Amino acid sequence: MEYKNQKTESRICKKYAKSEYKKSSYAETHGALQSLRHNGFFCDIKLKADDNKIIIAHKVVLASAIPYFRAMFTNFSERNHDVVVMREIDSTALQLLVNFVYSGRIVITEENVQDLLPASNLLQLQEVKEACCDFLQSQLCPTNCIAVYVIADIYSCSKLLKSSELYIQQHFSQAVGGDEFLSLSSEQVIQLISSDKLTVPSEEKVFESVIRWVKYELGSRKRILPQLMEHVRLPLTSKDYIIKKVAKEPLIKNCYKCKEYINEALHFHRQKSKYLIPHNIWNNPRHGDKVILVVSRFDSNECISTKFYEPKISQWNNGPAMITNRKNAGLAVVKDNLVFAVGGSTDTFHQLRSVDLLDLSAESYCWRSSVEMFVKRNNVGVGVINNYLYAVGGHNNSDSELDSSEVFDYNARKWRMISSMSTRRDGHGIGVLNNLLYAVGGNASSSQQLKSVECYDPSLDSWTSVARMSVGRAAVGVGVLDGVLYAVGGHNEFKSLSSVEAYRPRTGVWTTIAHMNFPRSGAGVVAVDDLLYVFGGSGKSHTDDSTECYNPKTNTWTIVAPLRIHEYARARVVAINRP
């Protein structure tokens, strides 16, 4: 009796205790339900597709997993029906979706995705709809991106719509070549061509795609032409193209508003040779157009500053302020959006091993300090191979001209020393060609300007001499364009040079090309859009035109960019995507 009392007290003490068991997997349940369906047991609904194929199932299972059927079998007359006709849905897609409800698995392929997406959208089966969108996104290519864009728009797939639109923008020239482009609505065409992010080799491609789209259904579309031409940035095309192509297009000639656009574009070209034109959307380069970042001294004070030069419209804009007033620094771009200013000096006696970084992908971009080099380097040469930043030669107070080099791994945030050059070099140029680093000319001492050139192979960690130039060049500008290495200007025995030499690895020789309009020592050189741009440099008076560009097709130099860089400042330049 005493034992019973103790047991009762124990039970009363723990009367609120409980233990919950949760099944770890519903695979067995799914399997059992699928088996019942296949054998026709307890099935109470038949789904009839447009092609009269019948799919049997259980109302409670469909209603538990698919919102469309939950509403149908609880609120509408179909709850009492044994057969439901499914309009505008493919029987194969419907079968796959019903199987998914019972099994939790579905295989999406190129053949079935265009039926599965509308079917899952109709049935409000969101997880399958998202899986279809993910599949289509993974399959994007220039030949299907417009079709995917249209599908995403129809079925309100916001993520896929955004990604396909971005893909079209990045591959516009290829994407608009197919017939899918011709079937876009005017709203969709305007959405594409109005974007700053459009990546095109030239604005001419945008104009030609608009004309092609209008002519496809000329009767209904020609009235929309002025709206479309409003988003074609004619000032970014050449004056010659406007006169010979745009103005002579019959559709344009017969459109009063379009002729106004032509006159405005031609007026822009007349004005830009005399003045700096403020930005507006019509002359604003697309994101795909490269701009040039110039770091130099632009006036009589000693401050180093930055400016952006936009080659398409020959326009300058102010860039972010430097945090270190570094003269004669090296400038290079890593991973397309990281600009490094390397070494240099603050004055004659203070050479730098510090490095500053400008992240162009940041929302509010500004210069900040990065990892210091091992060695102080003024007049350092820099180059980038496979996103590794190389700092080569230069000079410092201790060793004068340097033959040492080092490389920066941005991912590891570390510098390390590499093999030294065979010759000490200061004021040399660096060019990267075929994954080799070329060190061109420079000073071996204050009185010896070098003709010699050597190249570094990262895979071997070794330097090799190559053909010598015809002239010794210190403070030489170096650029690479279409597989050719150019040595531009420099000085020899205190005389600034206007001569230029070109090196082709396949021939292994340097050849002299057309001279620049002005002698230039310490000029910045960069290639953009099949032209070689040269900024600043000291020599004779440059009037107000401090920049010129070289066209290898015509072997000619042309004066551009009416903004003077101080003649005693060495310009450092890189081509970047427009921030």
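Treat the numbers as computed from the prediction; the structure is a model and nothing was measured.

A. Spatial organisation of the overall build of the chain. Counting its regular elements, the chain contains 18 helices and 35 strands. Look at the contacts in the chain between residues 6 or more apart in sequence, and 54% of them connect residues 24 or more apart. Just so you have it, the chain exposes about 28700 Å², and 49% of that area is on carbon and sulfur atoms.

B. Seen up close, the packing of helix α7 (residues 126-138) against helix α9 (residues 158-170). The geometry of α7 relative to α9 is characterised by a closest axis approach of 9 Å and an angle of 10° between their N-to-C directions. Classified by the angle between their axes, α7 and α9 sit roughly parallel to one another. Across the interface between the two elements, C133, D134, L136 and Q137 from α7 touch K159, L160 and S163 from α9. For the contact of α7 with α9, the per-class residue count stands at 3 nonpolar, 2 polar and 2 charged.

C. Representation of the sheet that holds strand β4 (residues 290-296). Judged by pairing direction, the sheet is antiparallel, and its 4 strands sit side by side in the order β6-β5-β4-β35 without closing on themselves. Of all strands in the sheet, those with a lone pairing partner are β6 (315-318) and β35 (572-577), marking the two edges. Here the strands of the sheet are splayed against their neighbours by 30° on average, with no regard to which way each runs. Pairing between β4 and strand β5 (residues 305-310): 5 bridges, direction antiparallel. Looking at β5, one finds that S296 is bridged to S305.

D. Summary view of the pairing of strand β8 (residues 338-342). For β8, the buried fraction is high: 5 of the 5 residues fall into the buried class. Residues L338, F340 and V342 line one face of β8 and the alternating positions V339 and A341 line the opposite face, and both faces are buried. Direction of pairing for strand β7 (residues 330-334) relative to β8: antiparallel, over a ladder of 5 bridges. Note that in β8 the partner of V334 across the bridge is L338. Following β7, the chain reverses through 3 residues before pairing antiparallel with β8; K335 in that reversal takes a positive phi of roughly 55°.

E. Spotlight on the pattern of salt bridges. The full count for this structure, using the stated rule, is 12 salt bridges. Residues D134 and K159 are paired through a salt bridge, measuring 3.8 Å at the closest nitrogen-oxygen approach. Of this pair, D134 sits in helix α7 while K159 sits in helix α9, and the two are 25 residues apart along the sequence. K159 sits in the exposed class, given a relative accessible area of 57%. Among the salt bridges present, the one from R233 reaches D196, with a minimum N-O distance of 2.8 Å. With R233 in the loop between α15 (225-229) and α16 (239-246) and D196 in the loop between α12 (186-193) and α13 (203-216), this pair connects stretches of sequence that are 37 residues apart. Of the residues examined, R233 reaches a relative accessible area of 2% and is grouped as buried.

F. Just α12, in detail. Where burial is concerned, most of α12 is hidden: 6 out of the 8 residues are buried. Along α12, the residues classified as buried are S186, Q188, V189, I190, L192 and I193. Here the buried face of α12 lies against α8 (145-154), α9, α10 (172-175), α11 (179-182), α13 and α15.

G. Fine view of the side chain of K129. Residue position: K129 is located in helix α7. Within the buried core, K129 has no salt-bridge partner, and the shortest N-O distance to an opposite charge, that of E130, equals 8.1 Å. For K129, the side chain forms a polar contact with the side chain of N121, separated by 2.8 Å.

H. Looking closely at a negative patch on the surface. Judged by side-chain charge, D50, D51, E88, D90 and D115 come together as a negatively charged surface patch. By the element assignment, D115 lies in helix α6 (residues 113-122). Exposure remark for D115: the relative accessible area of 34% places this residue in the partly exposed category.

I. Quick look at the nonpolar core. Membership of the largest hydrophobic core comes to 79 residues, with the highest contact counts inside it found for L47, F69, L225, L228 and M229. At 7 residues, helix α5 (residues 91-103) tops the list of elements feeding residues into this core. Among residues more than four places away in sequence, those in contact with L47 are K53, I54, I55, L62, F69, V84, M86, L94 and V98.

J. Inspection of the environment of N411 at higher detail. Counting through the fold element by element, N411 comes out in the loop between β17 (405-409) and β18 (414-418). Residues N411 and N387, 24 residues apart in the sequence, show an inter-C-alpha distance of 9.4 Å. Only 2.5 Å separates the side chain of N411 from the side chain of K335, close enough to count as a polar contact.

K. Layout of α7. The end-to-end C-alpha separation of α7 is 18 Å, in line with the 18 Å expected for 13 residues at 1.5 Å each. Where α7 is concerned, the buried positions are V128, K129, C132, C133, F135 and L136. Summarising the axial view, the buried residues of α7 lie within an arc of 160°, below the 170-degree limit, and thus occupy one face. Facing away from the buried side of α7, by more than 90 degrees, are the exposed residues E127 and S138. Where the residues of α7 are buried, they touch α5, α6, α8 and α9.

Conventions and cut-offs
- The written sequence of each chain sets the order in which its residues are numbered from 1.
- The predicted origin of the model limits local features to residues at a pLDDT of at least 70 and limits the giving and counting of side-chain atom pairs to 80 or more, whereas totals for whole chains, interfaces and linings rest on all residues.
- Side-chain calculation: all heavy atoms of the structure are included, whereas hydrogens and water are not.
- Numbering of helices and strands runs from the N terminus; a helix is a DSSP stretch of H or I covering at least four residues, while a strand is a stretch of E covering at least two.
- We call two residues in contact when some of their heavy atoms are within 4.5 Å.
- Every accessible area reported is derived by Shrake-Rupley at a probe size of 1.4 Å, with residue values counting cover from the shown protein chains alone.
- All axes are obtained by fitting lines to C-alpha atoms, using only the stretch in contact for helices, and the reported angles, taken between N-to-C directions, cover 0 to 180 degrees.
- Our angle categories are set so that under 35 degrees counts as roughly parallel, over 145 as roughly antiparallel, 65 to 115 as roughly perpendicular, and the remainder as oblique.
- As a working rule, the residues Ala, Val, Leu, Ile, Met, Phe, Trp, Tyr, Cys and Pro are called nonpolar, Asp, Glu, Lys and Arg charged, and the rest polar, with Gly in that last group.
- By the convention used here, strands pair only if DSSP detects at least 2 bridges between them.
- Note on exposure labels: buried denotes an accessible area under 20% of the residue type's maximum, exposed denotes more than 50%, and partly exposed covers the range between, all computed with a 1.4 Å probe on protein chains only.
- What counts as a salt bridge is simple: a side-chain nitrogen of Lys or Arg found within 4 Å of a carboxyl oxygen of Asp or Glu.
- The convention is simple: Lys and Arg are positive, Asp and Glu are negative, and His and the chain ends are not counted.
- Identification of polar contacts relies on pairs of N or O atoms within 3.5 Å, with a donor-acceptor requirement for protein atoms, meaning one able to donate a hydrogen and the other able to accept it, and with residues adjacent in sequence counted only if both atoms are side-chain atoms.
- Residues enter patches when their relative accessible area tops 30% and they take part in no salt bridge; the joining distance is 9 Å for like charges and 5 Å for the nonpolar side chains Val, Leu, Ile, Met, Phe, Trp and Tyr.
- The atoms used to mark charge sites are NZ of Lys, CZ of Arg, CG of Asp and CD of Glu.
- Throughout this description, the term nonpolar core refers to a set of buried Ala, Val, Leu, Ile, Met, Phe, Trp, Tyr and Cys residues connected via side-chain atoms within 4.5 Å.
- One less than the number of residues in a helix, times 1.5 Å, gives the span that helix is expected to have.
- Note that the arc is defined by the directions from the helix axis to the C-beta atoms.

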